Amino acid sequence: MGNKIIELKNISKDYDVRVLNKINLYVNENEFLTLLGPSGCGKTTTLRILGGFEFPTEGDLFFEGKNINNVPPHKRQINTVFQKYALFPHLNIYENIAFGLRIKKINDATIKEEVKKMLKLVNLEGFETRNIDSLSGGQQQRIAIARALINKPKVLLLDEPLGALDLKLRKEMQLELKHMQREVGITFVYVTHDQEEALTMSDTVVVMNNGEIQQIGTPVDIYNEPENAFVADFIGESNIIDGIMNEDYLVTFLGRTFKCVDYGFSRNENIHVVLRPEDIVMVPENEGYLKGTVTSTIFKGVHYEMIVNVGTFDILVQSTYQSEVGDRVGLKFTPEDIHIMSKAVWNE
Amino acid sequence: MVKRNLHKIYMGLIFVFLYAPILVLVTYSFNDSTSRGTWGGFTLKWYIDLFNDRDIKTALYYTVIVAVLAATIATFIGTISAIGLYNFNKTPKAIMVNINYLPVVNPDIVTGLSLMILYLSTNMRLGFLSMLLSHITFDIPFVILAVMPKLKSLNKHLTEAALDLGATPLYALRKVVIPEIMPGIITGFLIAFTLSIDDFVISFFTTGSGVTNLSIVIYSMARRGVKPTINALSTLMLTVVLILLFLINKRSALVEGQKNNGGH
Amino acid sequence: MNKKQKFFAFPYVLWMFIFIVLPIVLVFLYSITTKEVNNIKTINFTLNNYKLFFDPLYIGVTIRSINLALVSTIFCLVLGYPIAYIISKIHSKHRNTVLLLFILPMWMNMLLRTYAWMTILGNNGIINNFLNMLGLPSLRLLYNNSAIIIGMVYNFLPFMVLPIYTALSKMDQHLVEASHDLGADNRTTFLKVILPLSLPGVISGIIMVFMPAVSSFVIPRLLGGNRSLYIGTLIENLFLVTGDWNFGSAVAIMMMLIILVSMSILNRFDVDKEGGGSSLW
């Protein structure tokens, strides 16, 4: 890790409207980097620019230090796993996987060996002569990955590859992909709108919205220290509450003043407070920092999700203990659980 | 860039190839000279000749009557039969559908002569009835071809819902199925109508007693050499086609507009 | 699904037997009997009609027709595939307009479209008048094979273009991107991905051109004059002029067989997926 294998400098892309605005980003070698964001945020466009299927309107794209703005896809040492797999229907599995090698005019014996290795890597040994339509979605996905990886690209681009799979299979594939990336030792650039997926698999997460980067960081950073309300709202569940930063380590919101662990804001600056529902503990009413009435209780399997109305705000709380609607309860949390963010303009 | 221009040049040449003959006909329909090389001045006399030509007028009459009758009858029979065939068991259905498609797959000369043999062998006289029956015969398969896919993609739950709400199967058919497959029925009618208007070979073999259609008249005239009235006829037919297409375009644009504004 | 509604189709089943099956059966019967059928009792079965078909004269007619149809089909394919490809590359806004413009001539009556070429190619036609104006002698452009081929290509070109266009436009664009992604340049992508995937459309197009071309009689009659016989004009002659229904039926049956055989040969190309495509390389 440490070498910048890909770098985007001020990349913008216009169709009728601007879909990417001055994107600055780099990817380290052997990194698993995920572009995360809602539909239309520009993550797929960014990926397609990396693959060479779109050309940036402005800005420069660097691969291993060289500008590749005008290099066509078939000359880039980058391979793509497409969202709907894009397996060639007129070829069987063997020929699909071998496609890239055939173009390089590799001899038959080597191809046979490499295909075998790839099928082993994706856990589909013996599938050489089968037809595409006899495969399930998950299997087709793995063939698509094999077809890309056999060319030993320096970077693999993956465009929401797990979107069409059911939940259980998706979770299995997430772990498999992570394992594959580590084993093969190449850079992955992954696109998804599923924040849980991003947090599970990535070394680095790039949160995007409306064609702009909102935050770049490790999964832990993004989760625990969201830099603005959009990221806080997109990643996990949050309570985002208006507050005033009295001074370093001291914040007031919902009518009370709390000690916290953040600093660096101006005195009495208006800020946003982020409280994660799972960090809030429900206690008897008189023990709580905040007091309120339970207005809703929903069983979610893993926990109960309850809304507590504390007068001016409905706080989302997650707990394994159930409270009934109408109960008066108290809410407690530690200073470390209070996350402060500046009030950025956040477009929905 | 070069590729794009090459594409445009090629398509341009193709369109010249496609439209030149038609434009030639149109131009010469106004030519005051029977020779096709020289321009003798602008005239409408060929159009006047056309309007006075009894053969052509008779042919036009028969063409339209046969097309309307045949298409209507074929649409009716075809729709009902498609519904019937749809409910057949697998093997009989396959056999019947394949036989049904024979007039589509067979060259029209075979369909034409086989029908002619049928009529003459049963001592039927060739004339209006024989031509009409032949048109109906080759129109129905196309109606079925247009309606069947609509039946297949019909949401079965719609019929079940109707029955659940108290409708008899026949009522459900009238009020639910038919409206749903109506686009297919209309398409079938239009295809049948177009085929009948344009037919030559099958009509040629199965008509007689002075009953003709436009295609047959044009064939006879063309065989005797070139006649300028045909040019006038072509221009008129082209104009009709253009008007029809314009109307269809207008209608679909109107429907699009209605859809976008929330319909009615 | 309503099993009782089966009966809706029964009238038409009867119709089909009378107007579709029976006529073909009659044709077949005529082809294997002799001319003197005045009385049911005097039917003589014979294979002479078929024997006559294999007479060099008539074999010549058959070969000539097949050749003509093949040449026309090849021209349609060579000219038509690029058209289908170019149209499929146009952006949606203009694409429908171009398609419409391309199909528009088909709406003109087929006889008029064929007749138009008589106007252009004839001795007194446009081309010759133009040549004469330049002081050049007239060319015999009409009433020969070339004229027939031009007429066939003119009439049948859309039948080749439309199926190919449909196949190309239905193709997943991501497949082209995947091919580029894996290192194939434009030429290789076309040969290894686009062309094979458009093959079903090509086969459809070939069938839809070859079949009417081989059985055509209007185009050879109008543009080929009475110089040579083709299967279509032969059949018309036998039925409507000579009145030899027996031999005519045999020729018709043989023509249907030729078409059937060519269709099954062509359909072989479609189903050849078992090889897995390694033959591509």
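Keep in mind that this is a model prediction, so the values were computed, not measured. (Residues numbered from 1 in each chain as written. Chains lettered and ligands numbered in written order. Predicted model: local features only at pLDDT ≥ 70, side-chain atom pairs only at ≥ 80, totals over all residues. Heavy atoms only, no water.)

Chemist: Even after reading the chapter, I still don't get the overall build of chain B, so can you show me in this structure?
Modeler: Of regular secondary structure, chain B possesses 12 helices and 0 strands. In chain B, the succession of α and β elements from N to C terminus is α-α-α-α-α-α-α-α-α-α-α-α. For a compact globule of 264 residues, the expected C-alpha radius of gyration is about 18 Å, and chain B comes in at 23 Å, more than 25% above that figure. A burial count over chain B gives 47% of its 264 residues as buried. Contacts in chain B between residues far apart in sequence, at least 24 positions, make up 68% of those at least 6 positions apart. Summing over all exposed atoms, chain B offers an accessible surface of approximately 13500 Å²; the carbon and sulfur share of this is 67%. Looking at chain B, you have 21 positive and 12 negative side-chain charges, and the mean spots of the two groups are 4 Å apart. (Helix = DSSP H or I, 4+ residues; strand = E, 2+ residues; numbered from the N terminus. Rg over C-alpha atoms; globule rule 2.2 N^0.38 Å. Buried < 20%, exposed > 50% of the residue type's maximum accessible area, 1.4 Å probe, protein only. Contact = heavy atoms within 4.5 Å. Areas by Shrake-Rupley, 256 points an atom, 1.4 Å probe, with all protein chains shown as cover. Lys, Arg positive; Asp, Glu negative; His and termini not counted. Charge placed at Lys NZ, Arg CZ, Asp CG, Glu CD.)

Chemist: What's the story with the sheet that holds strand β2 (residues 18-28) of chain A in this structure? I'm lost.
Modeler: Two modes of strand pairing occur in sheets, parallel and antiparallel, and in both the strands are linked by backbone hydrogen bonds. All names here are of chain A. Within the open sheet, the 4 strands sit side by side as β2-β1-β4-β5. Their pairing is antiparallel. Sheet topology places β2 and β5 (66-67) at the edges, where each strand pairs with a single neighbour. Relative to strand β4 (residues 58-63), strand β1 (residues 4-14) is paired through 5 bridges, and the arrangement is antiparallel. Note that in β4 the partner of K9 across the bridge is D60. (Pairing = 2+ DSSP bridges.)

Chemist: It is not clear to me how the nonpolar core should be interpreted in this structure. Could you clarify?
Modeler: The nonpolar side chains of a soluble globular protein tend to be buried, and buried together. Grouped together as the largest cluster of nonpolar side chains are 169 residues, with contacts concentrated most on B:L151, B:F200, B:F205 and C:I235. Take this core: its biggest share by element is 13 residues, from helix α7 (residues 145-170) of chain C. Membership of the second largest hydrophobic core comes to 37 residues, among which are A:F32, A:A98, A:I186 and A:F188. (Core = buried A, V, L, I, M, F, W, Y, C linked by side-chain atoms within 4.5 Å.)

Chemist: What am I meant to see in the side chain of A:R147 here?
Modeler: Along the polypeptide, A:R147 turns up in helix α4 (residues 137-149). For the buried A:R147, which has no salt bridge, the nearest side chain bearing the opposite charge is C:D181, at an N-O separation of 6.7 Å. Not counting chain neighbours up to four residues away, the residues in contact with A:R147 comprise A:Y85, A:A86, A:L87, A:F88, A:N96, A:I97, C:A178 and C:L182. (Salt bridge = Lys/Arg side-chain N within 4 Å of Asp/Glu carboxyl O.)

Chemist: Just checking my understanding: could you explain a nonpolar patch on the surface for this structure?
Modeler: All names here are of chain C. On the surface, L14, I18, L22, V25, L29, I43 and F45 cluster together to form a nonpolar patch covering roughly 600 Å² of accessible area. Among the structural elements, L29 can be located in helix α1 (residues 10-31). Relative accessible area serves as the criterion here: at 37%, L29 is assigned to the partly exposed category. (Patch = residues over 30% accessible without salt bridge, like charges linked within 9 Å, V, L, I, M, F, W, Y side chains within 5 Å.)

Chemist: It is not clear to me how the sheet that holds strand β15 (residues 281-283) of chain A should be interpreted in this structure. Could you clarify?
Modeler: Residue and element names in this part refer to chain A. Strand order in this open sheet of 5 strands is β15-β19-β16-β17-β18, and the pairing throughout is antiparallel. Edge positions in the open sheet fall to β15 and β18 (314-319), since each of these has one partner strand only. Taking each pair of neighbouring strands and ignoring which way they run, the sheet shows an average axis angle of 45°. Looking at chain direction, strand β17 (residues 304-309) and β18 are connected through 6 bridges and run antiparallel. Looking across to β18, one finds that Y304 is bridged to S319. (Axes fitted to C-alpha atoms, helices over the stretch in contact; angles between N-to-C directions.)

Chemist: Is there a simple way to think about the arrangement of the chains in this case?
Modeler: Once contacts are tallied for each of the 2 pairs of chains in contact, the highest total is for chains B and C. There is no contact between chain A and chain B; across them, the least C-alpha separation is 15 Å.

Chemist: When you look at the interface of chain C and chain A in this model, what are you seeing that I'm missing?
Modeler: Note on interface size: it is often stated as the accessible area lost on association of the parts. Contacts between the two partners involve 21 residues from chain C, matched on the other side by 23 residues from chain A. Our count for the chain C to chain A interface comes out at 1 salt bridge. Salt-bridge contacts for A:R48 lead to C:E177; the nearest nitrogen and oxygen are separated by 2.7 Å. At the surface where chain C touches chain A, the tally comes to 5 residue pairs in polar contact (both at pLDDT 80 or more). Elements with a contribution of two residues or more to the side of chain C that touches chain A: α8 (173-181) and α9 (186-215) of chain C. Looking at the side of chain C that touches chain A, its residues break down into 9 nonpolar, 7 polar and 5 charged. (Polar contact = N/O pair within 3.5 Å; in protein donor to acceptor, adjacent residues only side chain to side chain. Nonpolar A, V, L, I, M, F, W, Y, C, P; charged D, E, K, R; others polar.)

Chemist: What's the story with the pairing of strand β9 (residues 204-209) of chain A in this structure? I'm lost.
Modeler: The two faces of the sheet receive side chains in turn, since in a regular strand these alternate between them. Residue and element names in this part refer to chain A. For β9, the buried fraction is high: 6 of the 6 residues fall into the buried class. Burial along β9 is two-sided: T204, V206 and M208 facing one way and V205, V207 and N209 facing the other are all buried. In terms of strand pairing, strand β3 (residues 32-36) meets β9 through 4 bridges, oriented parallel. Looking across to β9, one finds that L36 is bridged to V207. One ladder, built from 5 bridges, connects β9 with strand β10 (residues 212-217); its direction is antiparallel. Bridge pairing in β10 links M208 to I213. Once β9 ends, the chain turns through 2 residues before running back antiparallel as β10, passing N210 with a positive phi of about 55°.

Chemist: Would you explain the packing of aromatic side chains in this entry?
Modeler: For any two aromatic rings, the description comes down to two numbers: the centre-to-centre distance and the angle of the planes. In total, this model carries 39 aromatic pairs over all chains according to the counting rule given. The interplanar angle of 15° and the centroid separation of 6.1 Å between the aromatic rings of B:F189 and B:F193 together place this pair among those described as stacked. Remark: B:F193 and B:F189 occur in helix α9 (residues 169-198); sequence separation between them is 4 residues, near one turn of the helix. Assessed through its relative accessible area of 26%, B:F193 is described here as partly exposed. Put simply, the rings of B:F200, B:F204, B:F205, B:Y219 and C:F217 pair up and form one aromatic cluster. (Phe/Tyr/Trp six-rings, centres within 6.5 Å; stacked < 30°, edge-to-face > 60°.)

Chemist: Which parts of the structure should I look at to understand helix α2 (residues 45-52) of chain B?
Modeler: In an α-helix, one turn spans 3.6 residues, which is why side chains three or four residues apart end up on the same side. All names here are of chain B. What α2 keeps buried is the set W46, Y47 and L50. Projected down its long axis, α2 shows its buried positions confined to an angular sector of 100°, all on one face. Among the exposed residues of α2, those oriented more than 90 degrees off its buried face are I48, F51 and N52. (Arc of directions from axis to C-beta.)

Chemist: I'm lost on the interface of chain C and chain B in this one. Help?
Modeler: Each side of the interface is counted separately: chain C has 72 residues, and chain B has 75 residues. Taken together, the two surfaces of chain C and chain B that pack against each other cover about 7100 Å², and 79% of this comes from carbon and sulfur. Per-residue buried area on chain C facing chain B is highest for C:Y12, C:W107 and C:Y115; these three make up 10% of the total on that side. Counting across the interface, chain C meets chain B through 0 salt bridges. Applying the counting rule to chain C against chain B returns 9 residue pairs in polar contact (both at pLDDT 80 or more). (Buried area = accessible area lost by both parts, 1.4 Å probe.)

Chemist: Even after reading the chapter, I still don't get the packing of helix α11 (residues 214-223) of chain B against helix α5 (residues 110-121) of chain C, so can you show me in this structure?
Modeler: Angle between the axes and distance between the axes: these two values describe a pair of packed helices. It is the contact of α11(B) with α5(C), at a shortest axis distance of 10 Å, that shows an interaxial angle of 15°. As judged from the angle between their axes, α11(B) and α5(C) are roughly parallel. You can see that α11(B) and α5(C) cross each other, and the crossing is left-handed. Listed contacts from α5(C) to B:S215, B:I218, B:Y219 and B:A222 of α11(B) are C:L111, C:L112, C:Y115 and C:M118. Taken together, the residues of the contact of α11(B) with α5(C) sort by class into 7 nonpolar, 1 polar and no charged. (Parallel < 35°, antiparallel > 145°, perpendicular 65-115°, else oblique. Left-handed = near helix turned anticlockwise from the far one by under 90°.)

Chemist: Looking at this structure, I do not really get the pairing of strand β12 (residues 250-253) of chain A. What am I missing?
Modeler: Residues and elements named next belong to chain A. Alternating residues of β12 divide into V251 and F253, all buried, and L250 and T252, none buried. When strand β11 (residues 239-247) meets β12, the two strands line up antiparallel, connected through 3 bridges. Looking at the pairing, E247 lines up with L250 of β12. Count of turn residues in the β11/β12 antiparallel hairpin: 2 residues, of which Y249 carries a positive phi of about 70°. As paired elements, β12 and strand β13 (residues 256-259) share 4 bridges and run antiparallel to each other. Among the inter-strand pairings, F253 is bridged to a residue of β13, identified as R256.

Chemist: How should the pattern of salt bridges be read in this particular structure?
Modeler: A side chain with one charge can pair with a side chain of the opposite charge if their charged atoms come near. Residues and elements named next belong to chain A. With the rule as written, the count across this model stands at 19 salt bridges over all chains. For E58, the salt bridge is made with R18, and the minimal N-O distance between the two is 3.2 Å. Of this pair, E58 sits in strand β4 while R18 sits in strand β2, and the two are 40 residues apart along the sequence. The exposure class assigned to E58 is partly exposed, which follows from its relative accessible area of 35%.

Geometric values such as these leave the question of function open.
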